[in-house]
Amino acid sequence: MAKKKKTVYKPPKQNNKGFIIIIGAVFVLAAVLLFIISNENNNPSQDQAESAQPGQEIEVSYENQPTVGEEDAPVKLVEFFDFKCPHCASFAQQVYPQIKADFIDTGKASMTFINKPFLAPDSFTAALVGEAVYEQNPDAFIQYYDAVLANQGEMSEPWATEEFLFDLVEKNVDGIDVDQLKEDIDNETINQRVEEDRDMSAQVESTPTVLVNGKMVELDYEGSIKPAIEEALEEAGEQ
């Protein structure tokens with residue numbers, strides 16, 4: 001009678017490959033989470049911008065910024081704007097003239113314009129040319145501001161090209177050497193100013209955003225902007 005072969009149990013070989021992949025994935029995920037948390041802590045984030053509300057103070061540097069009005073005016077106004085923003089065009093044509101007539105021309109307020117070039121790549125181009133105009137002739141900036149916003153193309157189209165903007169300056173802005181302007185937009189200082197504006201404007205979510213003595217106000221002229229200016233004048237003992 002044949003003897004039965006003895007079956008010897010052999011434990012299955014452990015497959016460490018899957019375990020190593022899982023551990024690696026955990027480390028990658030942890031690194032990504034640390035990067036995100038670090039970024040949120042070190043940069044003005046969209047969450048911070050979304051939390052900005054009327055009445056909130058926004059930190060602003062007025063140095064080297066295009067400004068209209070008396071330097072020592074008791075009330076300082078700020079507009080964060082994007083040259084491609086249709087609401088900014090409406091503000092420039094409907095609200096700004098009222099502010100100018102009531103408060104800037106009377107010496108009661110000045111207004112500073114700060115770029116928030118966030119809608120498209122050519123928003124940055126328009127801001128760059130604006131800074132170069134300001135560098136050549138500070139008084140000419142407001143002519144450039146008016147001309148670009150009055151000649152906006154469709155927001156979805158890349159209309160704010162260098163060629164278009166240089167032509168606009170040549171036809172509408174006084175005291176500007178366009179050949180010099182073409183060189184200046186490559187200047188590191190000009191580029192840095194737009195980048196600084198972009199960083200500062202990260203505190204607000206949309207354009208236009210208006211500040212009265214550093215505090216955000218709603219865009220209704222009669223209901224919000226004008227009363228806020230009048231209140232600031234009262235606090236300054238000017239009324």
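Residues numbered from 1 in each chain as written. Predicted model: local features only at pLDDT ≥ 70, side-chain atom pairs only at ≥ 80, totals over all residues. Heavy atoms only, no water.

(A) Representation of the packing of aromatic side chains in the model. Enumeration over the complete set of coordinates arrives at 10 aromatic pairs. Ring geometry for Phe-81 and Phe-113: centres 6.4 Å apart, planes at 85°, overall edge-to-face. Linking Phe-81 in strand β2 (residues 75-81) with Phe-113 in strand β3 (residues 109-115), this pair joins segments that are 32 residues apart in sequence. The exposure class of Phe-113 is buried, given its relative accessible area of 1%. Summarising the aromatic geometry, the rings of Phe-81 and Tyr-145 are spaced 5.4 Å apart at their centres and angled 80° between planes, so their arrangement reads as edge-to-face. Pair noted here: Phe-81 is in strand β2 and Tyr-145 is in helix α5 (residues 141-150), with a separation of 64 residues, a long-range link. The pair Phe-81 / Tyr-145 is uniform in exposure class, with both members buried. Linked through ring pairs, Phe-81, Phe-83, Tyr-96, Phe-113, Phe-141, Tyr-144 and Tyr-145 together constitute an aromatic cluster. The lysine or arginine in question, Lys-76, covers the ring of Tyr-62, its NZ or CZ lying 5.4 Å from the ring centre. Here the guanidinium or amino end of Lys-116 rests over the ring plane of Phe-118, the centre of that ring lying 5.0 Å away. (Phe/Tyr/Trp six-rings, centres within 6.5 Å; stacked < 30°, edge-to-face > 60°. Helix = DSSP H or I, 4+ residues; strand = E, 2+ residues; numbered from the N terminus. Buried < 20%, exposed > 50% of the residue type's maximum accessible area, 1.4 Å probe, protein only. Lys NZ or Arg CZ within 6 Å of the ring centre and 35° of its normal.)

(B) Local environment of the pairing of β3. Judged by how many residues are buried, β3 sits mostly within the fold: 7 of 7 residues are covered. The two faces of β3 match: Ala-109, Met-111, Phe-113 and Asn-115 on one face and Ser-110, Thr-112 and Ile-114 on the other face are all buried. Inspection of the sheet shows strand β1 (residues 67-68) paired to β3 by 2 bridges, in the antiparallel sense. The residue bridging Thr-67 from the neighbouring strand is Thr-112, located in β3. As defined by bridge partners, β2 adjoins β3 across 7 bridges and the pair is classed as parallel. By the bridge assignment for β3, Val-78 is matched with Thr-112. Handedness of the crossover joining β2 and β3 through helix α3 (residues 86-104): right-handed. (Pairing = 2+ DSSP bridges. Right-handed = clockwise from strand over helix to strand, strands pointing away.)

(C) How the structure looks around the packing of α3 against α5. Where α3 meets α5, the axes come as close as 8 Å, and the angle between the chain directions of the two elements is 120°. Compared by their axis directions, α3 and α5 come out oblique. For the pair α3 and α5, the sense of crossing is left-handed. Within the contact between the two elements, α3 uses Cys-88, Ala-89, Phe-91, Ala-92, Gln-93 and Tyr-96 and α5 uses Ile-142, Tyr-145, Leu-149 and Ala-150. When the residues that make up the contact of α3 with α5 are grouped by side-chain class, the tally is 9 nonpolar, 1 polar and no charged. (Axes fitted to C-alpha atoms, helices over the stretch in contact; angles between N-to-C directions. Parallel < 35°, antiparallel > 145°, perpendicular 65-115°, else oblique. Left-handed = near helix turned anticlockwise from the far one by under 90°. Contact = heavy atoms within 4.5 Å. Nonpolar A, V, L, I, M, F, W, Y, C, P; charged D, E, K, R; others polar.)

(D) Highlighting the packing of helix α4 (residues 121-136) against helix α6 (residues 162-172). The N-to-C vectors of α4 and α6 enclose an angle of 35°; their axes lie 10 Å apart at closest approach. The hand of the α4/α6 crossing is right-handed. For the pair α4 and α6, contact is made by Thr-125, Ala-126, Val-129 and Val-133 and by Glu-162, Leu-165, Phe-166 and Val-169, respectively. Within the contact of α4 with α6, the residues separate by chemical class into 6 nonpolar, 1 polar and 1 charged.

(E) Main features of the nonpolar core. Counting 56 residues, the largest nonpolar core has Tyr-144 and Tyr-145 as its most contacted members. Per element, the largest residue contribution to this core is 9 residues, and it comes from α3. Not counting residues within four places of it along the chain, the set of residues in contact with Tyr-144 comprises Phe-83, Ala-126, Val-129, Gly-130, Val-133, Leu-165, Val-169 and Val-173. Core analysis: the next-biggest nonpolar cluster, separate from the first, contains 10 residues, Val-60, Phe-80, Ile-114 and Met-216 among them. (Core = buried A, V, L, I, M, F, W, Y, C linked by side-chain atoms within 4.5 Å.)

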